[in-house]
Amino acid sequence: MEMKKSNPENSNEKNKISRRVFLTSMGNTATGIVLLGSFGVTLEYLSPNVLLEIPKIFKVGPVNSIQPNSVIYEPEQRTFVVREEQGYFYALSAVCTHLGCTAKWNDSGVAGNPDAVISCPCHGSLFNKLGEVIQGPAIRGLDKYRVQLEEDKLVINTAEKVSEDEMILKV
Amino acid sequence: MKILNWLTQTKLWQSIFRTKLPISTNLDKSLVIFNSLTLHIHPVKVRVRAIKFSYTFYLGMISFFLFVLLIVTGVLLMLYYQPAIPHAYNNMKDLEFVVSNGSFLRNMHRWSAHLMVITVFLHMLRVFYKGACKPPREFNWVIGVVLLIITLLLSYTGYLLPYDQLSYWAVTVGTNIVQYIPITGEKIRFLLLGGSEIGEYTLVRFYVLHCIILPLFIVLLIALHFWRIRKDGGLL
């Protein structure tokens, strides 16, 4: 090997990778792949596949028993189910969009503002009854969930967020 | 005295303490420091003013002492604590009201933790204003910054363990802040919580971080930090 290396006249020999370099780079590559793979596998292990969390779909009702102009709070799903006078239903998330505390519904409003019926105890965000921001630090309105009628009960899916146009279910 | 002299000449003594007694020359004196694991935290020669109280306020050593106190009290607290719902909260209550001296131990752990954050912070201020973060000590400053971050993370992960209202909402808010990190935020939050809501997995994850992973890192870095003080030329 040494002899061949010290012979620069042969250009073919010069470009040749020596056995040592070849084996070293093969070894390093293999080690790298194993390390990278084990890192990936570990990362995969760290994120659980089955979560014993609260179901995302829940039922409220029967519809007739919900008083007009009333709010039902579901503490498990942290959701307000609202019925307006005309028989409109909608579901609002009670999770504050600022840092995730549970906002509270207060019919008479907060801080001298009768519209601010939803308030967050953590950092003082205020929302109106449609979940729109009245006062920060929250910058985004509360999430609205899809409400559907199944037989005589409301079915609310907290995995399905809808826009303002779609939030209301008319019965 | 005769017995002591005989003792220091035995093979057992000499295998434990490497310095030959009696100490007479300056070389012998320096060997005492050099051959001892605990004493050689200082270099063989130390300027008198460098170990004066008003020079460093002993802030680094106080932080370390508090850390040792936290390990001792923390290990003792672990004997009565299960990181599960609803046991965690009940265990904390039991420690407070049922276990002998439990509330004393818990308060020791709590106050030491608060104090450690303060002393580490003051230590960094002292180092900064003395200019001890300048070369050749710049890398030790970096280690110090990491140590501060781990101290804060230890405080934060310990905060969930009582599993009361304060813990729950502090971690809700904290992990929601993490969520704001671009692109990876959601995933990091999911991994931290072990789900999309705080639950059993979150408690266990925070417990393992608090009791094993973070202490392991902080011990290694503390060792490196102390070693670098010597290698970078002693206290400044």
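None of the values given here were measured: they were computed from a predicted structure.

Visitor: How do you make sense of the nonpolar core when you look at a structure like this?
Guide: A general tendency of soluble globular proteins is for nonpolar side chains to be buried together. Counting 26 residues, the largest nonpolar core has Val81(A) and Ala91(A) as the members making the most contacts within it. Listed by contribution, the elements that provide at least two residues to this core are β3 (79-83), β4 (88-93), β7 (126-127), β9 (144-150) and β10 (153-162) of chain A. Of the residues forming this core, the biggest block, four residues, is contributed by β4(A). Formed by 17 residues, the second largest nonpolar core is a distinct cluster that contains Leu77(B), Met92(B), Leu193(B) and Tyr207(B).

Visitor: Any chance you could explain the sheet that holds strand β5 (residues 104-105) of chain A here in plain terms?
Guide: Strands belonging to one sheet form pairs held by backbone hydrogen bonds; the direction of such a pair is parallel or antiparallel. Residue and element names in this part refer to chain A. Taking strand neighbours across the sheet as the criterion, the four strands line up as β5-β6-β7-β8 in an open arrangement whose pairing is antiparallel. Here the strands that pair on one side only, and so sit at the sheet edges, are β5 and β8 (133-135). Relative to strand β6 (residues 118-119), β5 runs antiparallel, the two being bridged by two bridges. Residue Lys-104 lies in a different strand from β6, and its bridge partner there is Ser-119.

Visitor: What is the right way to read the interface of chain A and chain B from this model?
Guide: Interface extent is often summarised as the accessible area lost during association of the parts. Facing nine residues of chain A, the contacting portion of chain B comprises 13 residues. Considered class by class, the residues forming the side of chain A that touches chain B number six nonpolar, two polar and one charged.

Visitor: I would appreciate a short explanation of the packing of helix α9 (residues 165-179) of chain B against helix α10 (residues 185-193) of chain B in the present structure.
Guide: Packed helix pairs are characterised by how far apart their axes lie and by the angle those axes make with each other. Residues and elements named next belong to chain B. At a minimum axis distance of 7 Å, the contact between α9 and α10 shows a crossing angle of 150°. The segment α9 lies against α10, with Thr-175, Val-178 and Gln-179 engaging Gly-185, Glu-186, Ile-188, Arg-189, Leu-192 and Leu-193. Classifying every residue of the contact of α9 with α10 gives four nonpolar, three polar and two charged.

Visitor: When you look at the pairing of β3(A) in this model, what are you seeing that I'm missing?
Guide: If a strand is regular, its side chains alternate between the two faces of the sheet. All names here are of chain A. Counting buried residues along β3, five of its five residues qualify, which places the element largely inside the surrounding structure. Here β3 shows two buried faces, one formed by Thr-79, Val-81 and Arg-83 and the other by Phe-80 and Val-82. Pairing of strand β2 (residues 70-74) with β3, which is carried by five bridges, proceeds in the antiparallel orientation. Paired with Tyr-73 across the strands is Phe-80, a residue of β3. The hairpin turn running from β2 into β3, its antiparallel successor, is four residues long, and Arg-78 in that turn takes a positive phi close to 55°.

Visitor: Mind showing me how you'd approach the domain arrangement of chain A here?
Guide: Its domain assignment divides chain A into domain 1 (2-46) and domain 2 (57-170). Its C-alpha centre places domain 1 of chain A at a distance of 61 Å from the equivalent point of domain 2 of chain A.

Visitor: Which parts of the structure should I look at to understand the environment of Tyr90(A)?
Guide: All names here are of chain A. Topologically, Tyr-90 is positioned in strand β4. For the pair formed by Tyr-90 and Met-167, sequence separation is 77 residues and the distance between their alpha carbons is 5.8 Å. Those residues within four positions of Tyr-90 in sequence are excluded, and the remaining contacts are Val-82, Lys-144, Val-147, Met-167, Ile-168 and Leu-169.

Visitor: For this particular structure, what's the right way to read the environment of Lys59(A)?
Guide: Of note, Lys59(A) is situated in strand β1 (residues 57-60). Apart from the residues within four sequence positions on either side, Lys59(A) is in contact with Lys153(A), Leu154(A) and Val155(A).

Visitor: What is the right way to look at the environment of Pro55(A) in this model?
Guide: Residues and elements named next belong to chain A. Within the fold, Pro-55 resides in the loop between α3 (19-46) and β1. We classify Pro-55 as exposed; it has 10 C-beta atoms within 10 Å. Separated by 21 residues in the primary sequence, Pro-55 and Glu-76 place their C-alpha atoms 9.2 Å from one another.

Visitor: Looking at this model, I keep getting lost on unusual backbone geometry. Mind explaining?
Guide: With glycine set apart, most residues show a phi of negative sign, and most peptide bonds adopt trans. Backbone torsion omega between Ile85(B) and Pro86(B) reads 5°, so that peptide bond is classified as cis. Within the element layout of this structure, Pro86(B) appears in the loop between α5 (59-78) and α6 (87-97). A cis amide bond links Pro135(B) with the next residue in sequence, Pro136(B), at an omega value of 5°. On the secondary structure map, Pro136(B) appears in the loop between α7 (102-130) and α8 (138-160). A positive phi angle, close to 55°, is found at Glu151(A), a residue other than glycine. Note that Glu151(A) resides in the loop between β9 and β10. For Tyr163(B), which is not glycine, the phi dihedral falls at a positive 55°. Owing to 23 C-beta atoms within 10 Å, Tyr163(B) belongs among the buried residues under this scheme.

Rules used in this analysis
Residues numbered from 1 in each chain as written. Chains lettered and ligands numbered in written order. Predicted model: local features only at pLDDT ≥ 70, side-chain atom pairs only at ≥ 80, totals over all residues. Core = buried A, V, L, I, M, F, W, Y, C linked by C-beta atoms within 7 Å. Buried ≥ 20, exposed ≤ 12 C-beta atoms within 10 Å, placed from the backbone. Helix = DSSP H or I, 4+ residues; strand = E, 2+ residues; numbered from the N terminus. Pairing = 2+ DSSP bridges. Contact = placed C-beta atoms within 7 Å. Nonpolar A, V, L, I, M, F, W, Y, C, P; charged D, E, K, R; others polar. Axes fitted to C-alpha atoms, helices over the stretch in contact; angles between N-to-C directions. Domains from an automatic or database assignment.

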